[in-house]
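Read off the chains here:
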Amino acid sequence: MTSNSSNRTSVPEAKEALNKFKYEVASELGVPLKEGYNGDLTSRQNGSVGGYMVKKMIEQQERQMAGK
C-alpha cells in the first residue's frame, strides 16, 4: 500500500500500531474504512476517525500521567 500523504510517523516503529488503531477506531465509529483508496468517504467520516484517534490518545496519555 503506497500513500501520497505528507504525514510522517515520528516513531517509524509505531506505524503499524497506528495503522491498526486507525482501523479499530473506524470500526467503532461505523466508518467503512478499507485498505487502499477511500476517496468515496466524506470529509466528515475521515475527520471523525482522526479526531477520535487523537481523543483516545490524549485520554491514554492523561491516564498514564496520572499513574493509572
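Nothing here was measured: the structure is a model prediction, and the numbers come from that model.

1. Examining the overall build of the chain
Stage number 1. Helix and strand counts for the chain come out as two helices and zero strands.
Stage number 2. Counting only residues that meet the buried cut, the chain has 13% of its 68 residues in that class.
Stage number 3. In the structure as shown, the chain presents an accessible area of about 5700 Å², 52% of it carried by carbon and sulfur atoms.

2. Some details on the pattern of salt bridges
Stage number 1. Scanning the entire structure with this criterion turns up three salt bridges.
Stage number 2. Note that Lys-20 and Glu-24 form a salt bridge whose closest N and O atoms lie 3.9 Å from each other. Here Lys-20 pairs with Glu-24, and both are found in helix 1 (residues 15-29), just four residues apart, close to one helical turn.
Stage number 3. Accessibility expressed as a relative area gives 38% for Glu-24, which makes it partly exposed.
Stage number 4. We note a salt bridge from Glu-28 to Lys-56, for which the minimum N-O separation is 3.3 Å. Of this pair, Glu-28 sits in helix 1 while Lys-56 sits in helix 2 (residues 43-65); the two residues are 28 residues apart in sequence, bridging distant segments of the chain.

3. Section: the nonpolar core
Stage number 1. Phe-21, Val-25, Ala-26, Val-31, Leu-33, Leu-41, Val-49 and Met-53 together form the largest nonpolar core, which totals eight residues.
Stage number 2. Of all the elements in the fold, those that place two or more residues in this core are helix 1 and helix 2.
Stage number 3. Looking at which element gives the most residues to this core, the answer is helix 1, with three residues.
Stage number 4. In contact with Val-31, not counting residues within four places along its chain, are Ala-26, Leu-41, Gln-45, Ser-48 and Val-49.

4. Details of a nonpolar patch on the surface
Stage number 1. Taken together, the side chains of Leu-18, Val-54, Met-57 and Ile-58 present a nonpolar region at the surface, about 320 Å² in accessible area.
Stage number 2. Examining the composition of the nonpolar patch, we find that three residues originate from one element, helix 2, more than from any other.
Stage number 3. Position of Leu-18 relative to the elements: it lies in helix 1.
Stage number 4. A relative accessible area of 34% means that Leu-18 is categorised as partly exposed.

About the thresholds
- Residues numbered from 1 in each chain as written.
- Predicted model: local features only at pLDDT ≥ 70, side-chain atom pairs only at ≥ 80, totals over all residues.
- Heavy atoms only, no water.
- Helix = DSSP H or I, 4+ residues; strand = E, 2+ residues; numbered from the N terminus.
- Buried < 20%, exposed > 50% of the residue type's maximum accessible area, 1.4 Å probe, protein only.
- Areas by Shrake-Rupley, 256 points an atom, 1.4 Å probe, with all protein chains shown as cover.
- Salt bridge = Lys/Arg side-chain N within 4 Å of Asp/Glu carboxyl O.
- Core = buried A, V, L, I, M, F, W, Y, C linked by side-chain atoms within 4.5 Å.
- Contact = heavy atoms within 4.5 Å.
- Patch = residues over 30% accessible without salt bridge, like charges linked within 9 Å, V, L, I, M, F, W, Y side chains within 5 Å.

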